[in-house]
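Given next are the chains, with one letter for each unit.
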Amino acid sequence: MLTLVACATPPKPQPVEPRPVTPPVVTTVPPTTPPTLAPKLAPITNYTQAYKLSSYAELPGWGNDDLREAWPAFLNSCSALKNKSEWKEVCSKLKNVDAKDSASIRGFFEMHFLPYQVQHLDGALDGMVTGYYEPLLKGSRTRNGVFQTALYAAPSDLLTIDLGSVYPDLKNMRLRGRLVGNKVVPYASRAEILPFLAGKELVWVDDPIDAFFLQIQGSGRVQLNETGEVVRVAYADQNGHPYKSIGRYLVDKGELTLDQASAQGIKAWIAKNLARQEELLNANPSVVFFKEEKLLDPSIGPKGALGVPLVPQRSIAVDPTQLPLGAPVFLSTTMPLSSNPLQRLMMAQDTGGAIRGAVRADFFWGFGREPGELAGRMKQRGSMWLLLPKTFETKNN
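Here the structure is a predicted model, which means the values were calculated and not measured.

**Student:** Explain helix 5 (residues 208-217) to me, please; I cannot follow it from the model alone.
**Tutor:** Counting buried positions over the 10 residues of helix 5 gives 8, a clear majority of the element. Every buried residue of helix 5 is listed here: I209, A211, F212, F213, L214, Q215, I216 and Q217. In this structure D207 caps helix 5, since a side-chain oxygen of it lies 2.8 Å from the backbone nitrogen of I209. Count one or two residues on from helix 5 and you reach G218, which has phi positive near 100°.

**Student:** Help me understand the packing of helix 5 against helix 7 (residues 263-272), please; the structure alone is not making it clear to me.
**Tutor:** The packing of two helices is summarised by the inter-axis angle and the distance between the axes. Contact pair helix 5 / helix 7: the axes reach a minimum separation of 11 Å and the direction vectors enclose 150°. By the angle between their directions, the pair helix 5 and helix 7 is classed as roughly antiparallel. Crossing of helix 5 against helix 7: the hand is right-handed. From helix 5, I209, D210 and F213 reach across to helix 7, where they touch A263, I266, K267 and I270.

**Student:** Help me understand the side chain of D319 in this model?
**Tutor:** Following the sequence through the fold, D319 ends up in the loop between strand 15 (315-317) and strand 16 (328-334). The exposure class assigned to D319 is buried, which follows from its relative accessible area of 0%.

**Student:** Please clarify how unusual backbone geometry should be interpreted in this entry.
**Tutor:** Negative phi values dominate among residues other than glycine, just as trans dominates among peptide bonds. Despite not being glycine, Q313 shows a phi value in the positive range, around 65°. Checked against the element boundaries, Q313 lands in the loop between strand 14 (288-293) and strand 15. Overall, Q313 belongs to the partly exposed group, its relative accessible area being 29%.

**Student:** Even after reading the chapter, I still don't get the side chain of N284, so can you show me in this structure?
**Tutor:** Mapped onto the secondary structure, N284 falls in the loop between helix 8 (277-282) and strand 14. Here the side chain of N284 touches K244 through a polar contact of 2.9 Å, landing on its backbone nitrogen. Setting aside residues up to four positions removed in sequence, N284 forms contacts with R190, F212, P242, Y243, K244 and I246.

**Student:** Please explain the sheet that holds strand 6 (residues 136-140) as it appears in this structure.
**Tutor:** In a beta sheet, neighbouring strands pair by backbone hydrogen bonds and run either parallel or antiparallel. If you walk across this open sheet you meet the 6 strands as 7-11-6-12-13-14, and the pairing is mixed. Both edges of this open sheet fall to strand 7 (149-152) and strand 14, since each of them pairs with a single strand only. Neighbouring strand axes in the sheet, compared pairwise and without regard to direction, differ in orientation by 45° on average. Inspection of the sheet shows strand 7 paired to strand 11 (residues 201-205) by 4 bridges, in the antiparallel sense. Counterpart to T149 in the pairing with strand 11 is V205. Across the face of the sheet, helix 5 comes into contact with strand 6, strand 7, strand 11, strand 12 (220-224), strand 13 (230-238) and strand 14 while running at roughly 20° to strand 7.

**Student:** Looking at this model, I keep getting lost on the state of the cysteines. Mind explaining?
**Tutor:** Every disulfide links exactly two cysteines, by a covalent bond between their sulfur atoms. Taken as a whole, this structure holds 1 disulfide when the rule is applied. Here C78 is linked by a disulfide to C91, with a sulfur-sulfur distance of 2.1 Å. Given an S-S torsion of about -85°, the disulfide between C78 and C91 has left-handed geometry. Separated by 13 residues along the polypeptide, C78 in helix 2 (residues 71-81) and C91 in helix 3 (residues 85-91) bring together distant segments of the chain. You'll find C78 and C91 in the same group, each marked buried.

**Student:** What is the right way to look at the pattern of salt bridges in this model?
**Tutor:** If you walk through the whole model with that rule in mind, you get 15 salt bridges. With a closest N to O distance of 2.9 Å, R314 and D65 form a salt bridge. Here D65 lies in the loop between strand 3 (52-53) and helix 2 and R314 lies in the loop between strand 14 and strand 15, a separation of 249 residues in the sequence. A relative accessible area of 2% means that R314 is categorised as buried. R232 serves as the salt-bridge partner of E134, at 2.8 Å between the closest nitrogen and oxygen. Of this pair, E134 sits in strand 5 (residues 127-134) while R232 is found in strand 13, placing the two residues 98 residues apart along the sequence. Relative accessible area serves as the criterion here: at 6%, R232 is assigned to the buried category. It is possible to trace a salt-bridge network through shared partners that takes in D65, E69 and R314.

**Student:** Is there a simple way to think about the packing of aromatic side chains in this case?
**Tutor:** Two aromatic rings are characterised by how far apart their centres lie and by the angle between their planes. Applying the stated criterion across every chain yields a total of 18 aromatic pairs. Taken together, a centroid distance of 5.4 Å and an interplanar angle of 75° make the contact between F108 and F109 edge-to-face. Pair check on accessibility: F108 and F109 agree, each one buried. Directly above the aromatic system of F367 lies the positively charged group of R221, at a separation of 3.9 Å from the ring centroid. For K267, the ring lying beneath its charged end belongs to F213, and the centroid distance is 5.2 Å.

**Student:** What is the right way to read the environment of G220 from this model?
**Tutor:** Position of G220 relative to the elements: it lies in strand 12. Of the residues examined, G220 reaches a relative accessible area of 0% and is grouped as buried. Along the sequence, G220 and V233 sit 13 residues apart, while their C-alpha atoms lie 5.5 Å from each other. Excluding its chain neighbours within four sequence positions, the residues that come into contact with G220 are E134, P135, L214, V231, R232 and V233.

Criteria and thresholds
Residues numbered from 1 in each chain as written. Predicted model: local features only at pLDDT ≥ 70, side-chain atom pairs only at ≥ 80, totals over all residues. Heavy atoms only, no water. Buried < 20%, exposed > 50% of the residue type's maximum accessible area, 1.4 Å probe, protein only. Helix = DSSP H or I, 4+ residues; strand = E, 2+ residues; numbered from the N terminus. Polar contact = N/O pair within 3.5 Å; in protein donor to acceptor, adjacent residues only side chain to side chain. Axes fitted to C-alpha atoms, helices over the stretch in contact; angles between N-to-C directions. Parallel < 35°, antiparallel > 145°, perpendicular 65-115°, else oblique. Left-handed = near helix turned anticlockwise from the far one by under 90°. Contact = heavy atoms within 4.5 Å. Pairing = 2+ DSSP bridges. Disulfide = S-S within 2.5 Å. Salt bridge = Lys/Arg side-chain N within 4 Å of Asp/Glu carboxyl O. Phe/Tyr/Trp six-rings, centres within 6.5 Å; stacked < 30°, edge-to-face > 60°. Lys NZ or Arg CZ within 6 Å of the ring centre and 35° of its normal.

So this is what it looks like as structure tokens:
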């Protein structure tokens, strides 16, 4: 039997008890942190019927948001969506907007978009909001000294089958495995995979835990010891196994409480239990492979599942079976470990294996240590409103 999972670029999960692998796993493209079994959700073919039509007056903080900060992210979305029928008209009107005037941008959205409050299938209006970021690791081109943990390119025998080319209902779903004789079998899990990766080392880094969390984030930067050059390692592929949260694994084992199972809490547990490090990391059978990219402009974020650069604090990862990639989404939540409101217009530009369900978002904080601290501690409740072009409603009714 095949296991279907939806996904996106990397990031930000929670732990789960590992379980034996069955036949080839299917993941959607591009996964950041491959998911577990895809939930049985009714496909949304008409967002205007699936979600509740709202008004801008009902969006908490809508009038206070400085939309100049959101505009570059929206321009990125339009660069990817401008040729799609539902988006072509609205993306053609960008030249009429004063990008330096928040009121002008607000007027553009109010004139051309309708807000719909996102809800779960059971009608619930709030959900989980977590965070992710782009980390910086220290690395080397060669294995030496403290640089003993490799980041790998995709192995040459990793087989990816586009199921949508055969079964239209499985559009954007892929089967990953390898060929043994004339059969496709599951690719190796984390605990089994090292023999398959010889010769695929991109760089060697100095911390196996940082390398593990890099796979959860989906992309990052590596400063090379030899030259000081900083390169980007971007998501390339994944071994086909569903993501399992090591935080959840520790909670289920009684090692941590839910409140302690943050990235910081997990790292602290590992520091005290080095003998169990491999046990913990192997609880997540998923392995992410990378490709190296030149870092031409350090101010530009990594590309998400939409194929455009993510904008810090204005891009989110969503479940693409529930929300259309590229769409504006107004998010109302709170700051990490705080009750201070975080209410702003975001763009749904990424996906992630742990991001499942309608009211579910992963907030991209940006690059570096401080964003990493915020991302690691973010686990808030929030509400979301999907902004759709008025032309979208016309085409679907």
